[in-house]
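# Summary of structural features
Listed here are the chains, written in short residue letters.
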2 protein chains.
Amino acid sequence: MNYAYLKQEGNDFTIMKINPGENILKEIMKQVKKIQIKNLIVDSASIESWNTLTKFSNKNIKLEIDGNLIKNMRKIKTSEEINHLRKAGELTMRGMQVASEVISPGMKEAEIVAEIEYSIRKNDFGRIAFETIVASGKNSAFPHGSFPSKEIKKGDIVVVDVGAKYNHYCSDMSRTFVVGKTSIKQKKIIQTVQRAQKEGIQGLKDGVDAKYVDNVSREIINIEGYGDYFVHSLGHGVGLEVHEQPIISSASQDKLVSGNVVTVEPGIYIPDFGGVRIEDTILIKKDSIEKLTTGINNFEL
Amino acid sequence: MNYAYLKQEGNDFTIMKINPGENILKEIMKQVKKIQIKNLIVDSASIESWNTLTKFSNKNIKLEIDGNLIKNMRKIKTSEEINHLRKAGELTMRGMQVASEVISPGMKEAEIVAEIEYSIRKNDFGRIAFETIVASGKNSAFPHGSFPSKEIKKGDIVVVDVGAKYNHYCSDMSRTFVVGKTSIKQKKIIQTVQRAQKEGIQGLKDGVDAKYVDNVSREIINIEGYGDYFVHSLGHGVGLEVHEQPIISSASQDKLVSGNVVTVEPGIYIPDFGGVRIEDTILIKKDSIEKLTTGINNFEL
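About the cut-offs
- Residues numbered from 1 in each chain as written.
- Chains lettered and ligands numbered in written order.
- Predicted model: local features only at pLDDT ≥ 70, side-chain atom pairs only at ≥ 80, totals over all residues.
- Helix = DSSP H or I, 4+ residues; strand = E, 2+ residues; numbered from the N terminus.
- Buried ≥ 20, exposed ≤ 12 C-beta atoms within 10 Å, placed from the backbone.
- Contact = placed C-beta atoms within 7 Å.
- Domains from an automatic or database assignment.
- pLDDT = per-residue confidence, 0-100.
- Least-squares fit on C-alpha atoms with pLDDT ≥ 70 in both.
- Core = buried A, V, L, I, M, F, W, Y, C linked by C-beta atoms within 7 Å.
- Nonpolar A, V, L, I, M, F, W, Y, C, P; charged D, E, K, R; others polar.
- Axes fitted to C-alpha atoms, helices over the stretch in contact; angles between N-to-C directions.
- Parallel < 35°, antiparallel > 145°, perpendicular 65-115°, else oblique.
- Left-handed = near helix turned anticlockwise from the far one by under 90°.
- Expected span 1.5 Å × (residues − 1).

A word on the overall build of chain A. Secondary structure assignment for chain A yields eight helices and 15 strands. For chain A, the spread of C-alpha atoms along the principal axes amounts to about 70 × 40 × 35 Å. A burial count over chain A gives 44% of its 301 residues as buried. Intrachain contacts of chain A at a sequence separation of at least 6 include 66% that bridge at least 24 residues.

And the structure:
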């Protein structure tokens, strides 16, 4: 269907048309035989696709599956990719800025989402990397909860998680606001998460074990007694997908290196009370880091 | 991560927590053994997941893969699903109405997309089923093209493809507008597509072969000499996903039956000139059809 478009845009590629009723994998294997590829590595395939590939293969072709082949390549970003990721970060911060301006008592969560996404989309190249999360009051205790018809109330904690996309590259940022005066308990949790994020970011270094960085943040939350409420890993890679490798978790085998772009996003979620998450997307460099999202640190609206 | 949320929302299900480092498929196979399931049918699995399932299975369990098991069940919608699809259609029409109101010379494609999606999102339950397409001028010749920084010009054809989601159910609607006075060639193409859509919709009947319906529309376009420019199939099922079964194409083996919800969307795409697509989402009933999207038939803005 997109043949004409790809012919125009895909200059470096040979574009072939597959007609209705033809099997794309069969056509691929025809090309593999024609140009005599001896070792074909597939990065992902359903069991059915794999069976089709095997069926149209032959003994001269070594078929392999390696789910990490492309994922590993994608862990380290090129300077061109980093430029796209910077722009995605700028658009994301714009969306978060709008959130901090519009959140007020009486507004519905869905209306806030609409304003945030509108501010990103009206830019020529702003796309949405994932459905914006606005979770207020007790609902903020669900990391990915969203209750669109819920109205914001005075005293509510509001978790906002925004991601814009620029030229196919994503960004990811969360802030937690309080509408009106912050209670002592809210303040304690927010400041704990702020500190866990700050220390986690300081732990990001070329060559460090990802699980060590998770531990740095997690320990701060543990010490304050909220360890059971930090129910997810500290962060993840960001690139063409909003969640990619490396993973920053207690079980991660990844080593962080220069060129990785990762989130650092500690959170505390207390059932029937509320949640707090603070997240930025960060580039790891040889001797430093660069925050691709930053700012909007005022939490009391 | 969403354990607390699912515990609250998933009343009919047993919700289990999988901890970091645990393998979800291994945990599933534990349950399969525990409740002595003898025949486990999986609807989709990557080759790696399949290997994991096999590894943790045993000779008492018959493992099977059937990619159509769930897809076939989903072809026929329940009355509850139809209600959600109706609402999704209403939200989609609202977005298209906004498109017809805001499209004007000087506006960028991205700005029109922002307005459409905002109008859907600001409703409590309006979500976006897919990235809205606004393709104007020569770009409209690419069925899924989008050039966000392009400004609308007088005389441009503008293809708009919108899909809202309500309670997880999608809708899909396209209209083609002309900004200012329609040229003779534009009018001929638009009217041909209008007629092809109308006849295609009239072909929808409980028990009809899907490929017959594709042929009804395609013949009208063939006769007018645009057959080579109708580069996609006539339609597809719509439900939890915006593209699902049944497929209405020349190669389709599907029979359409009461309870199917499908699109009818003929299109003509002429390189270096422009494209036209008109699409509605339609419910097939026992002795009639119900348009879940309809109206906004004025094409000259």
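Looking at the assigned domains, one finds that chain A contains domain 1 (3-67) and domain 2 (77-291). Inter-centroid distance (C-alpha atoms) of domain 1 of chain A to domain 2 of chain A is 38 Å.

Moving on to the confidence of the model for chain A. For chain A, the mean per-residue pLDDT works out to 95, and 100% of the residues sit at or above 70. Both confidence scores are given for the complex: pTM 0.93, ipTM 0.90.

Attention now goes to the relation of the copies chain B and chain A. The two copies are related by a screw motion: chain B maps onto chain A through a turn of 180° and a shift of 0.0 Å along the axis, at an RMSD of 0.0 Å. On this basis, the relationship between the two copies can be described by a two-fold rotation axis. Residue Ser46(B) of chain B places its C-alpha closer to the rotation axis than any other residue of that unit, at 2.0 Å. Interface overlap between copies: 98% of the residues of chain B at the interface are likewise at the interface in chain A, consistent with a symmetric, same-surface contact.

So, about the nonpolar core. Core analysis: the largest hydrophobic core is formed by 131 residues, its most contacted members being Val158(A), Val160(A), Val158(B) and Val160(B). Among residues more than four places away in sequence, those in contact with Val160(A) are Met96(A), Ala99(A), Ile133(A), Val134(A), Ser174(A), Arg175(A) and Phe177(A).

Let us look at the interface of chain B and chain A. Tallying the contact residues gives 43 residues for chain B and 42 residues for chain A. When residues of the side of chain B that touches chain A are traced back to their parent elements, those giving at least two are helix 1 (3-9), helix 3 (47-55) and helix 6 (109-121) of chain B. Take the side of chain B that touches chain A: its biggest share by element is seven residues, from helix 6 of chain B. For the side of chain B that touches chain A, the per-class residue count stands at 21 nonpolar, 13 polar and nine charged.

Residues and elements named next belong to chain A. Interhelical geometry of helix 7 (residues 184-203) versus helix 8 (residues 210-223) gives an angle of 155° and a closest axis separation of 8 Å. Classed by the angle they form, the pair helix 7 and helix 8 counts as roughly antiparallel. Helix 8 is crossed by helix 7, and the crossing has right-handed handedness. For the pair helix 7 and helix 8, the contacting residues are Thr 192, Arg 195, Ala 196, Gln 197, Glu 199, Gly 200 and Gly 203 in the first and Tyr 212, Val 213, Val 216, Ser 217, Ile 220 and Ile 221 in the second. Its residues placed into classes, the contact of helix 7 with helix 8 shows six nonpolar, five polar and two charged.

With that settled, the discussion passes to helix 5 (residues 79-102) of chain A. Helical geometry note: an α-helix holds 3.6 residues per turn, so side chains three or four residues apart project in the same direction. Here helix 5 of chain A is 24 residues long and its end C-alpha atoms lie 35 Å apart, about the 34 Å a rise of 1.5 Å per residue gives. Of the positions making up helix 5 of chain A, those classed as buried are His84(A), Leu85(A), Lys87(A), Ala88(A), Gly89(A), Leu91(A), Thr92(A), Met93(A), Gly95(A), Met96(A) and Ala99(A).

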